[in-house]
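What follows is each chain in one-letter form.
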Amino acid sequence: MLNSAGAQSKRSRLEHKMNREVIVLSLFLLICCFVSGLGMGLWLERHEDQLQNLPYYGKTHRNYYGYNGKLGESIFAFLSSLISFQIMIPISLYISMELVRLGQSYFMIRDVEMYDKETNTRLQCRALNINEDLGQVKFVLSDKTGTLTENKMEFRFASIFGENYESTDDPEETFGSRENELATESTGGVSWKPKAGVKVDPRLVQILKESTSSLQRNMVHDYLLTLAACNTVVPTKIKLTSSGNLEMEVAIAADEEIALVEYQGESPDEQALVAAAASYGYTLVERTSNYIVINVLGQRMTFELLGMHEFDSIRKCMSVIVKCPNGQVKVLVKGADSALLKKISLSEKTTHIAGERQAQVLFDTQMHLDMYSNKGLRTLVVGVRELSDSEFTNWQQLYAKANASVSERATLLQEAAQAVENDLILLGATGIEDKLQDGVPETISTLRNAGIKVWVLTGDKQETAISIGFSCALLTHDMKQIIINASDKQQCHDAIKAAKEAYVQVDNRHRMFRASGRSYDFATELPGGPEKVTELSNASLSRPFSQRMKLDSFRSINSSRADSGRSRHGRLLALIIDGNSLVHALDKDLEQELFDLATACQVVICCRVAPLQKAGIVSLVKRKSKEMTLAIGDGANDVSMIQMADVGVGISGQEGRQAVLASDFALGQFRFLQRLLLIHGHLNYRRLGYMVLYNFYRNAVLVMLLFWYTLYTAFSTSPAITQWSLVLYSVIYTSVPTIAVAIMDRNLSPQTLLKYPGLYKSGQENESYSKLLFWLTMLDTLWQSLVLFYAPYLTFRHSTIDIWSIGSIWIISVVILVNLHLAMDVEHYTWITHLAIWGSIVATYICLIVLDLLTDDDSLVYYGTIFNIAGTANYWLDIFLIIVTALLPRFVLKIVKQKIWPSDVDIAREEEIRKG
C-alpha cells in the first residue's frame, strides 16, 4: 500500500528561483516605502513654519485627517506607501502560473503523437506545478524491464542439468502440434492459453516421452515442476456466456467444463515460466492456499503447499515447500544466479549425485547463463532440495514462529527460508526474452544529442544489461568501458580511485571533469599508475558562435558543446557497476569519488541494483550536481527512484500502476519521452520563464511610476491614477495577454525541435530565466518608468492640467506600453494571442470611459476626465512618444543580439522563417 501513494508534492526549480527574486522585489518595495516615509518627515521639517497655512496640517483649517506630528506622519506615509506599492509583490503571478500550467497540461494531454494505441493511454499530467522542469533535464535515470523493454516475456532457453534446450522457430514444432501435445488431458478437458507464445524443443519433448526413469528424466521433471509450482500465478478459466460475452474466474480442478485456462500473475516473468512448463506438459490447473493441482503429462497431481517464501531483495530468490503425492517433501527454489549459485551443494552426501557430475553441471550452467546474458535475455537459476523429517520439522517450527510474530516477522521468515534454501541440487537455468519497445534506440540517441545523459539502473545481470545497452544504442562499440565489480569496500575504493586517476582530471576551481586514458576491467586488473593526462583545451570543449552562425552548417547545433564524457582521443566513456559495488560506493566517504567518475562518463549502467540503491543514485546526482534529474520506470521497485527525482515519469506497463500512481507524468511508451522533453519541456520552460520576468516588469513599471510621482507631491501617497484603475490593472488590463501568450506562444515548431535536439540545451543553460535576465529586466523597467513619468510631466508642467487628467494619460500609456512590450516578444501569433493583446487595450479604454462616467461621491472628482484630455493633440502625442522612447532601447538590443550574438534558438528560428 505504501507504493500506491500518490505523487509527492514538488516545486519547480523556476519557482524556487522566482521566490528568490520576489524577496529582492520585497526589499526594494520596503526601500521605496522607507524613502517615502523619510521624505515625508524631511518635508515636514523643512516646511514646519508653513504648516499653519496648509490644509490638513494647520490649526486654522478643518483638521479632517488629523495631524500626527512629523514622526506620526512619516510612519503613516510609510504604511500608505506599502499599501499603494504592494502591487510590486506579484501575488497574482502565482495564480496566473497555475492557470498557465493547467493550459499547458491540456495541450500536452491532447498531443496525439503521445497516444499509445496498444494500451489506449494518453499522457497523464499528475503534477501540474513542475511542467517547466521538463525543459531543464540533464540526467535521465531509467529502469530497463518494462521501461526500455516491452515486459512481454517469451521463454526462449532452458538449461537443464547441463544441457541447453531452446525454442524452435519451426512452426511445426510448437506446442499444440499433434506430435507434441503433452499438456492436454487424455479426456480433452483442459487446454491453455499462455501469456506469450511458447515454442518447444523436440529433444526435451522426447525425454519427457521416455517411460523409463533416469537421472536426466528426473531432473527435467523437477525442473518443470519448479517452473509450474514456484510462483504466485493463479490459473483462471475463460468461458463464453449465453449472451456471447467472455467471463473470467479462478479455475477449479473439479470443474470439468473449463474451456480455456489463462494465467494471471504478479509479473510477466512468472507467467512466461508457467506457460513454458505447460507447453511441456506440466500445466498448472488450480492454486489455493493449501494445495496446488498440476496436470503432469495428462495425469492430474495434487501437491500439498506447506509454505512459501516470497522473493525479496535480500535473498533474491523465491521458494515453495510442497509435499508430493509420493510423500516426499521438496523445496523448489528459483532466483538470481548471483544468490542461488552460492547455495548449490556439490556434496554427494546431500545430493546423492556424484560430485564430479555436479561440478560439470555447475560449469555448464554458468556457461549457458553467460550465453543467455550476452543475448540480452533475463536469467533465473532453478534448484531443488529434498527435506528429511528432521529438517522439515525444524523448518516448520521456524516458519510457524515467524508467522505468529508481529514485530519481527520479516526477519524470522528470512531465517526460516535460509534454513532450507541451502545445499540445493542445481537443476538448471532459464532464459527469457524481453524485447525492446519500438523507438527506444532512436529516443536514447536523440536524448544524448540534446545534452541529456541517460543512465540505466536495472536488476538484471551485468552481461544482460550490457547486451541491452548495445541493443538500445546506449552503448556503442567505440566506447571505453569502465567495469567495476567489487566484493568489499577496500576493493571498491581502489577500483574507483584507479579509474578516476586513469580517466578523470578534476578541476577544483570549475568542477569540470575531463576524460583521458585507456579502458580497464577493474574487476580483475588495476593499473599501476594513471596514464599521463592530456587536458582537453577549452576550444575542443566548446565551439565558438562564429562557427555556428552560418545556416549552411546549422546541424552543428546537434553536436555537444561541452561533452565531459569523451576521452582525449575523442572516444566516449561508459561506467558499468554492479549492486555489490554500489553498497560500498554510496557510502559518504566514497560517494564523491563515485560521482566524479560517473559524471565524467557519457553512459552509466548500474546492474543488480535494489530499489533503494536506485533512489540512492538519484539522490547522489541531485545533491552533487545540482542538475535536473528525471527518473522513469514502470514497476513498484521503481517507486522510490521516481519519487526521489526532480521529475518522476511512470510507464503504464505490465506490472501494475504503482509507478504511475507515484509519478508526476505517465506515458504509454518510452519513446514518447523525447517529445515530452524536447517539445513540451522546451516550450513550457521558455514560456513560464518569460512569463515570470514579464510579470515582474509589468508590476514594477507601474510601481516605479507611482514612486516618481510621490517625489513631486510632497511624498503624498495619493496617486493620480484612480483606485479602480489600480485594481483593474492586474485583473483586466494586463492579465489576459500574459496567460494567453504563456500558453499559446512558441519560438520553434515541433518539427524543428525534434530535428535539432541540441536546441534543448537552451533550457539546461537557463537561457530563458537567470539572475542576469532578471537584472536586465529591472534595468529596462527603470528606463521605461522614467519615460512614462517624465514625458507627460515635461509636456504639461506649465499647463493647468489636473492630476486626474494626467493620471488618465499615465494609466493608458502604461497599459499600451506593457502590451506592446509583450507583443514585440511574441514569436508565434494566433487569433487568440491577437484578441488577448489588442482586446486588452480596447477593454482598458472601455473601463476608463465607464469609470469616468460614474457620478457617485467618490468618482465625481474625475467625472468626464478621459473625454476632456483625449480631445487634445498632446494626449496622443505623449502616448506615441512614450511607446517609441520606452521600447526603442529594448528593440535595438534585441536586433543587435540576434544579428551579432545569435543563440542556437535564434539560428533555428531564422532558418525556419527563411524556409517558410
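Along each chain, numbering runs from 1 in the same order as the chain's sequence is written. Where local features are concerned, this predicted model is filtered to residues with pLDDT of at least 70; where side-chain atom pairs are given and counted, the filter is 80 or more; whole-chain, interface and lining totals use all residues. Excluding hydrogens and water, the side-chain figures rest on all heavy atoms present in the structure.

Caption draft 1: View of the overall build of the protein. Across its full length, the protein carries 31 helices and 24 strands. By the convention used here, residues are in contact when the closest approach between their heavy atoms is within 4.5 Å. When contacts within the protein are restricted to residue pairs at least 6 apart in sequence, those whose partners lie at least 24 apart make up 74%. When the accessible area of the protein is evaluated, it comes to approximately 40,000 Å², of which 56% is carbon and sulfur surface. Helix and strand definitions follow DSSP, with helices as H or I runs of at least four residues and strands as E runs of at least two, each counted in order from the N terminus. For the accessible areas, the method is Shrake-Rupley and the probe is 1.4 Å, while residue cover comes only from the protein chains on display.

Caption draft 2: Spotlight on the sheet that holds strand β12 (residues 317-323). Two strands are said to pair when DSSP picks up at least two bridges between them. Judged by pairing direction, the sheet is antiparallel, and its 9 strands sit side by side in the order β4-β3-β15-β14-β13-β12-β11-β10-β9 without closing on themselves. Strand pairing shows two members of the sheet lacking a second neighbour, β4 (163-166) and β9 (282-287), which therefore form its edges. Each strand axis lies, on average, 30° off the axis of its neighbour in the sheet, ignoring direction. Where strand β13 (residues 329-335) and strand β14 (residues 378-387) come together, 7 bridges link them in antiparallel fashion. Looking at β14, one finds that Val-333 is bridged to Gly-383. With axes taken as lines fitted to C-alpha atoms, and helix axes fitted only over the stretch in contact, angles between N-to-C directions fall between 0 and 180 degrees. On top of the sheet, helix α4 (residues 202-209) reaches β3 (149-160), β4 and β9; it is set at about 115° to β4, its chief contact. Against the sheet, helix α10 (residues 389-404) contacts β11 (299-309), β12, β13 and β14, and its axis sits at roughly 55° relative to β11.

Caption draft 3: Expanded view of the UniProt feature "active site" (unreviewed entry) in the protein. UniProt positions are given in the numbering used here, feature names are shortened, and annotations may be inferred rather than shown by experiment. Here the UniProt feature "active site" (unreviewed entry) sits at Asp-143. What Asp-143 contacts, discounting residues up to four positions off in sequence, is Leu-148, Leu-457, Thr-458, Lys-614, Ile-632, Gly-633, Asp-634, Asp-638 and Met-641.

Caption draft 4: Summary view of the nonpolar core. Among the nonpolar cores identified, the biggest contains 77 residues, and Phe-696, Tyr-729, Tyr-733 and Val-814 are the most heavily contacted of them. Residue contributions to this core peak at 19 residues, all from helix α21 (residues 672-710). Those residues within four positions of Tyr-733 in sequence are excluded, and the remaining contacts are Ser-725, Leu-728, Ile-811, Val-815, Asn-819, Ser-840, Thr-844, Cys-847, Leu-848 and Leu-851. In terms of nonpolar packing, the next biggest core, distinct from the first, is built from 76 residues, Cys-230, Ala-272, Leu-340 and Ile-425 among them. The set of buried Ala, Val, Leu, Ile, Met, Phe, Trp, Tyr and Cys residues whose side-chain atoms join them within 4.5 Å is what this entry labels a nonpolar core. Burial classes follow relative accessibility: with a 1.4 Å probe on protein chains only, a residue under 20% of its type's maximum area counts as buried, one over 50% as exposed, and anything between as partly exposed.

Caption draft 5: Here's a closer look at the pairing of β12. Judged by how many residues are buried, β12 sits mostly within the fold: 6 of 7 residues are covered. Bridge count for β12 against β13 is 7 bridges, and the pairing is antiparallel. In the sheet register, Cys-317 faces β13, and the bridge partner there is Gly-335. Between β12 and β13, which follow one another and run antiparallel, lie 5 residues, and Gly-327 among them has a positive phi close to 95°.

Caption draft 6: Structural context of empty space enclosed by the protein. Using a 1 Å grid laid over the protein atoms alone, points where a 1.4 Å probe fits but cannot get out form a cavity; open sets with protein on both sides within 12 Å along at least 5 of 7 lines form a pocket; any residue with an atom within 4 Å of a point counts as lining. Grid points are joined across faces, edges and corners, and a volume is the space filled by probe spheres set on the points. Under the counting rule described, the total for this entry stands at 6 cavities of 30 Å³ or more. If you add up the space inside the largest cavity, you get close to 100 Å³. Thr-722, Trp-804, Ser-808, Leu-848 and Asp-852 are the residues nearest the centre of the largest cavity, which is lined by 13 residues in total. Residue assignment for the lining of the largest cavity shows that the elements contributing at least two residues are α27 (803-825) and α28 (831-852). With 4 residues, α27 is the single largest residue contributor to the lining of the largest cavity. Taken as a whole, the second largest cavity holds about 70 Å³ of empty space.

Caption draft 7: Broad picture of the packing of helix α5 (residues 215-229) against helix α6 (residues 268-279). Interhelical geometry of α5 versus α6 gives an angle of 135° and a closest axis separation of 8 Å. Taken together, the axes of α5 and α6 lie oblique to each other. Crossing of α5 over α6 shows left-handed handedness. Where α5 abuts α6, its residues Leu-224, Leu-227 and Ala-228 lie against Leu-273, Val-274 and Ala-277. Under this grouping Gly is polar, as are all residues other than the nonpolar Ala, Val, Leu, Ile, Met, Phe, Trp, Tyr, Cys and Pro and the charged Asp, Glu, Lys and Arg. Taken together, the residues of the contact of α5 with α6 break down into 6 nonpolar, no polar and no charged. What sets the label is the angle itself: under 35 degrees gives roughly parallel, over 145 gives roughly antiparallel, 65 to 115 gives roughly perpendicular, and the rest give oblique. Each crossing is labelled by how the near helix is turned from the far one, with a counterclockwise turn of less than a right angle marking it left-handed and a clockwise turn marking it right-handed.

Caption draft 8: Inspection of helix α14 (residues 489-503) at higher detail. Helix span is expected to be 1.5 Å times the residue number reduced by one. With 15 residues, α14 extends 21 Å from end C-alpha to end C-alpha; this agrees with the ideal 21 Å at 1.5 Å per step. Listed in full, the buried residues belonging to α14 are Cys-492, Ala-495, Ile-496, Ala-498, Ala-499, Lys-500, Ala-502 and Tyr-503. Identification of polar contacts relies on pairs of N or O atoms within 3.5 Å, with a donor-acceptor requirement for protein atoms, meaning one able to donate a hydrogen and the other able to accept it, and with residues adjacent in sequence counted only if both atoms are side-chain atoms. The opening residue of α14, the one whose side-chain oxygen lies 3.2 Å from the backbone nitrogen of Gln-490, is Asp-488.

Caption draft 9: Expanded view of unusual backbone geometry. Positive phi outside glycine occurs at Asp-423, with the angle close to 50°. Note on placement: Asp-423 falls in the loop between α11 (409-420) and β15 (425-436). Overall, the relative accessible area of 35% leaves Asp-423 in the partly exposed class. One non-glycine residue, Asn-766, adopts positive backbone phi at about 55°.

Caption draft 10: A look at the pattern of salt bridges. Salt bridge criterion: a side-chain nitrogen from Lys or Arg within 4 Å of a carboxyl oxygen from Asp or Glu. Counted by the stated rule, this structure contains 40 salt bridges. Here Lys-10 makes a salt bridge to Asp-664, at a shortest N to O gap of 2.8 Å. Residue Lys-10 is located in the segment before α1 (13-46), and its partner Asp-664 is located in the loop between α20 (658-662) and β24 (665-667); the two are separated by 654 residues in the primary sequence. Of the charged contacts, one joins Lys-614 and Asp-143 as a salt bridge, the two residues approaching to 3.2 Å between their closest N and O atoms. Residue Lys-614 is found in helix α18 (residues 611-625), and its partner Asp-143 is found in the loop between β2 (137-142) and β3; the two are separated by 471 residues along the sequence.

Caption draft 11: Molecular detail of the pairing of strand β16 (residues 453-457). Within β16, 5 of the 5 residues are buried, which leaves the element mostly enclosed by the surrounding structure. Alternating positions in β16 separate into two faces, Lys-453, Trp-455 and Leu-457 on one and Val-454 and Val-456 on the other, with burial throughout. Where β2 lies against β16, 4 bridges are found, and the strand directions are parallel. The partner of Phe-139 across the bridge, within β16, is Lys-453. The pairing of β16 with strand β21 (residues 603-607) spans 3 bridges and is parallel.

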